[in-house]
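Listed here are the chains, written in short residue letters.
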Amino acid sequence: MPDRQDERGLDGPEEYAATGGEIGVRPDVNLLETFLDDVQKGHLRVPKFQRPFVWRPDQMLDLFDSIERGYPIGSMLLWDTPAGLESLGHVGGLRIPDATPGKSITYILDGHQRLSTLYACLYRPDADLMDDPAAWIWRVYRVLGEGDSRANRYVHWRKPGPPPANYLPVRSVLRTLDFLAYARSLAKNMANSPHYDELIEEGEQVAQRIKSYKVSVVTLLGGSLKQAVEVFSRVNSKGQSMSPDQMVSALTYKGQGEESLANSIAAILERIAGEGFGEINSTTGFRAVLAVAGEEEVTGAHWDVLARRVEGKVSQAVQDMDVALSSAVGFLRHRVGVPLARLIPYNNQLMLLTLFFHLCPHPSNEQIDVLIRWFWITSWAGQFASVNSTTSRQSIQDMRAFATGEKNLSHFEGGQGMFDFSDQRARPYPDRFDLRSARVRAYLLWELREFPVRYTSKGRPYEAIDAIRNLDTAAFRRVSNKVGLVNGSNPANRVILETSSGVTARSYLLDARTSSSDGGSDLGISDEAFARLADGDDEAFIGLRAAELARRERIFIESMGAVVPPVSMGNAEIDTE
């Protein structure tokens, strides 16, 4: 196929024209500046069904670092169509012009996070950054004069006041006048410095690399939204295809002021996170909506078929899911003792509990007791470690039958279903600390329950969950950091410390040994284990504490009527989603 040269002087193959109502394809290579200029003019827009901006700060910095080095950042997938999709009036918080009525508009399908990062950081006026304290996320700088070219030299600036003089704001690299203003400021702050010329030359090189960077763009021409989403679903961006919730959200989006499915789910999950439960996976929210809408295939359906089935039911299902999810979270927090979404062993457990409370908003005490047992036993046994479409469908059917009263616990006995507890053997105490293991999360939930009272080294009580909420994995501090310990990775070598404790875990344990008069904060450490720790025999300390923790947890497992493991300690499988 012959190549063509466009008006920008860039070569590319001829487009594949649309025929017979099919969708066409046009591959291009555009200068980054030209690509972003289309956003500024309102020609390239973000459809409202797209997921909100969710990139982490480190992902934004990695993007700029890749561009400067000339690394590929993945193709952008666009859709040029006369269809009047509702689109966002802002990109990265920056206002863009309205679309021109009656003209074909180009929408971004894959690349929203990259587009928002680049446009908002490179095009944002300096005054906007100063007026909004929350705008630090768009305040990206290239540190000039750093010797190590292997490291990422892009940073955010969150502190009040201006950054160091050698911090080149990326918003100045596309505009000559802004770059000259930075150069004058640098000269003023580095008067008579022999390094000024070197820094300016480095800054010019950075600006040139960003301005000359070429973006790979694939534009879909014409066709229907269904066809566009089908193409999108087959395109990989950084190894991740379009997520199911995005596909169904796009295919069920009607516009006319209505929120998309993805945005509605995001709003619900943000509310729950703001209430202290933490972040729930968006896929879990999406599957909960499907289950509430009456679907049984929530893990691997043909999404266009699914979208047709749920069309017209999405709005009500989202409202119902909102209510039921709140009840499910309340049950976990207050009846089971799960303080954070981060500690739920399996996401499917939350989805199934949401379905239960949708179908049975006012359960009996007997049903509550069964659900508590179900949560613990499925967590210990790894019930959802390898969920496929068949097992997922069966678990939804089982939960629906239990919630509606069609079946009670006795009906499941011997049937190998989700509520056949005799068929689920608890896995042993984990020998390795890894939060990606559901068995480790179940152990941590038990530990928080077993030792509810925690004290600082000065005898003041504190909430262990606050440390986990603030520090995540870093809240679980190692008692011993000795190299070569056979059992150094065991959970018994970890202890939750107060966020601002300022002491080592070893010192904390030795100093706070007798802080609690009722023994509530003994943390499973016997007198002999304390003696071994004080003597520096860390391996013996960990072994003794692990044996005690495993013994106590086993008592709790037996109290739930679960089948206990044949051995006291075993491998911690990485089996969470």
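Before reading on, note that the structure itself is shown above.
All values derive from a computational prediction rather than experimental measurement.

Before going further, it helps to examine the packing of helix H2 (residues 57-69) against helix H3 (residues 112-123). Interhelical geometry of H2 versus H3 gives an angle of 80 degrees and a closest axis separation of 10 Å. Comparing their axes, H3 and H2 come out roughly perpendicular. Every residue of H3 that contacts H2 at Met60, Leu63, Phe64 and Ile67 is listed here: Arg114, Thr117, Leu118, Cys121 and Leu122. Considering only residue class, the contact of H2 with H3 consists of 7 nonpolar, 1 polar and 1 charged.

The subject of this paragraph is the sheet that holds strand S10 (residues 154-156). If you trace the 3 strands from one edge of the open sheet to the other, you get S10-S9-S11, paired in antiparallel fashion. Every other strand in the sheet has two partners, leaving S10 and strand S11 (167-169) as the edge strands with one partner each. Strand-to-strand twist in this sheet, taken as the mean axis angle between neighbours without regard to direction, amounts to 40 degrees. Bridge count between strand S9 (residues 140-143) and S11: 3 bridges; the pairing is antiparallel. Residue Val143 lies in a different strand from S11, and its bridge partner there is Tyr167. Helix H6 (residues 196-211) rests against S9, S10 and S11 of the sheet, and its axis sits at about 130 degrees to S9.

Turning our attention to helix H18 (residues 464-471). Among all positions of H18, only Ala464, Ile465, Ala467 and Ile468 are buried. Buried residues of H18, viewed axially, fall in a sector of 155 degrees; they line one side. If you follow the buried residues of H18, they end up packed against helix H17 (438-450), strand S16 (454-455), strand S17 (461-462), strand S18 (476-478) and strand S19 (494-496). Once H18 ends, the next one or two residues include Asp472, with phi positive near 55 degrees.

Another point: the pattern of salt bridges. This structure, assessed with the given rule, holds 29 salt bridges. For Arg551, the salt bridge goes to Glu548, with nearest N and O atoms at 2.8 Å. In this pair, Arg551 and Glu548 both sit in helix H21 (residues 538-559), 3 residues apart, roughly one turn of the helix. The exposure class assigned to Arg551 is partly exposed, which follows from its relative accessible area of 44%. Overlapping salt bridges bring together Glu68, Arg142, Arg153, Glu202 and Arg209 as one network.

Next up on the list: the sheet that holds strand S5 (residues 76-81). As summarised here, the arrangement of the 5 strands in space is S3-S12-S5-S8-S4, forming an open sheet in which the pairing is mixed. What marks the edges here is a single partner per strand, and that holds for strand S3 (24-31) and strand S4 (44-45). Pairing between S5 and strand S8 (residues 105-110): 5 bridges, direction antiparallel. What sits directly across from Asp80, in S8, is Thr106.

A few words now on helix H13 (residues 347-359). Helical geometry: 3.6 residues make up each α-helical turn, so side chains three or four residues apart lie on a common side. Between its first and last C-alpha, H13 extends 19 Å over 13 residues, near the 18 Å set by a 1.5 Å rise per residue. Most of H13 is tucked away: 10 of the 13 residues are buried. Looking at the buried positions of H13, the neighbouring elements they touch are helix H10 (282-292), helix H12 (314-336), helix H14 (365-381) and helix H15 (389-404).

Reading the values: rules and limits
- Residues numbered from 1 in each chain as written.
- Predicted model: local features only at pLDDT ≥ 70, side-chain atom pairs only at ≥ 80, totals over all residues.
- Heavy atoms only, no water.
- Axes fitted to C-alpha atoms, helices over the stretch in contact; angles between N-to-C directions.
- Helix = DSSP H or I, 4+ residues; strand = E, 2+ residues; numbered from the N terminus.
- Parallel < 35°, antiparallel > 145°, perpendicular 65-115°, else oblique.
- Contact = heavy atoms within 4.5 Å.
- Nonpolar A, V, L, I, M, F, W, Y, C, P; charged D, E, K, R; others polar.
- Pairing = 2+ DSSP bridges.
- Buried < 20%, exposed > 50% of the residue type's maximum accessible area, 1.4 Å probe, protein only.
- Arc of directions from axis to C-beta.
- Salt bridge = Lys/Arg side-chain N within 4 Å of Asp/Glu carboxyl O.
- Expected span 1.5 Å × (residues − 1).

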